[in-house]
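Descriptive structure summary
Given next are the chains, with one letter for each unit.
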Amino acid sequence: MSPRRSLEGQVAVVTGAARGVGELLARKLSARGAKVALVGLEPAALKEVSERLHTDSDHWYADVTDHEAMARVAREVKQRFGKVDIVVANAGVAAGGPFAESDPDAWRRVIEVNLIGGAVTARAFLPVLMKSRGYFLQIASLAALTPAPMMTAYCASKSGVEAFAHCLRAEVGYKGVKVGVGYLSWTDTDMVRGADENDVMRELRQRLPWPSNRTYPLGPAVDRIVAGIERRSPHVYAQWWLRGMQGMRGYLPGMIAVAGQREMKRFEPRLGSVSKGLVGAGGAADEQERAQHR
């Protein structure tokens, strides 16, 4: 395990920083002395987060899927702070329900924000990270390690960003840039609470085997992410047991295919009640933003 590095005076960029993991991560990085650039779709919420931080900070409005917007943000962050040492691609959305009845626009948007947004973020900030020999952390999920019915877009997007980050690590490591993947199980955020508002999605999750059927507190999860950033870790596990899932991942698709068929048959009469849109407050903000630009 690599030793921890001081974050004092480091400049960290966090996308999806208006709430949840992104907001608390910004606060904890600031408490350790890092200057923080917040990026997201909700300027008022980002401004409130920025004003509560302990160190110098600022916020930028941008859609992480927009390359021109993110390239502008990268230039402006560099101008504002003089450098960038850490970039956390945290922005994400989710939608649930059977694939065959899913909303094609919501399904595509999950892929765009979670996968393409992570890549766009990396592309925009890699030039400054190469200058600082910095660290890029892509937030993935338990969904990258194990497939799950009713979560096709989310699992596909998180598997994609995991693979992207692993590929990127091999490309840029010799230039001094470290790349990590962050894994979280069900953590107490607006996204998870939004998914749980639907009875079917909540009951399906409760029927998962322990410990994957629990909702975990946000604070300890983010503490583990901060420790991973301090160590420039290639793998960051927000819950202790996720590390052990790596050794099981080859067996999981077959096991879940069998168990998933049984559960889907059980819940089939109620599947029509599952919302087809993005879940949680972050999903609502994303849908509102897109509606304004149609």
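Structure report, in brief. Quantities reported herein were computed from a predicted structural model and do not represent experimental measurements.

Some details on the nonpolar core
- Counting residues in hydrophobic clusters, the biggest one holds 59 residues, and the most contacted among them are Val13, Met70, Val77, Val84, Phe125 and Phe136.
- With 10 residues, the top contributor of residues to this core is helix 4 (residues 104-132).
- If you look at the next biggest cluster of nonpolar residues, it comprises 30 residues, including Ala34, Val88, Leu218 and Val226.

Quick notes on the packing of aromatic side chains
- Under the definition given, this model contains 4 aromatic pairs.
- A ring pair is formed by Tyr216 and Trp241, whose centres lie 6.1 Å apart and whose planes are at 40°; its orientation type is tilted. On the criterion of sequence distance, the pair formed by Tyr216 in the loop between helix 7 (199-206) and helix 8 (218-231) and Trp241 in the loop between strand 7 (235-237) and helix 9 (242-245) is long-range, its members being 25 residues apart.
- Judged by relative accessible area, Tyr216 falls into the buried class, the value being 7%.
- The side chain of Arg80 reaches across the aromatic face of Phe81, ending 4.7 Å from its centre.

Details of the packing of helix 1 (residues 20-31) against helix 8
- For the pair helix 1 and helix 8, interaxial distance at closest approach is 10 Å and the crossing angle is 55°. The angle between helix 1 and helix 8 falls in the class oblique. Along this stretch, helix 1 crosses helix 8, giving a crossing that reads as right-handed. Mapping the contact onto sequence places Gly20, Val21, Leu24, Leu25, Lys28 and Leu29 in helix 1 and Leu218, Gly219, Val222, Asp223, Ile225, Val226 and Ile229 in helix 8.
- Residue composition of the contact of helix 1 with helix 8, by class: 9 nonpolar, 2 polar and 2 charged.

What counts and what doesn't
Residues numbered from 1 in each chain as written. Predicted model: local features only at pLDDT ≥ 70, side-chain atom pairs only at ≥ 80, totals over all residues. Heavy atoms only, no water. Core = buried A, V, L, I, M, F, W, Y, C linked by side-chain atoms within 4.5 Å. Buried < 20%, exposed > 50% of the residue type's maximum accessible area, 1.4 Å probe, protein only. Helix = DSSP H or I, 4+ residues; strand = E, 2+ residues; numbered from the N terminus. Phe/Tyr/Trp six-rings, centres within 6.5 Å; stacked < 30°, edge-to-face > 60°. Lys NZ or Arg CZ within 6 Å of the ring centre and 35° of its normal. Axes fitted to C-alpha atoms, helices over the stretch in contact; angles between N-to-C directions. Parallel < 35°, antiparallel > 145°, perpendicular 65-115°, else oblique. Left-handed = near helix turned anticlockwise from the far one by under 90°. Contact = heavy atoms within 4.5 Å. Nonpolar A, V, L, I, M, F, W, Y, C, P; charged D, E, K, R; others polar.

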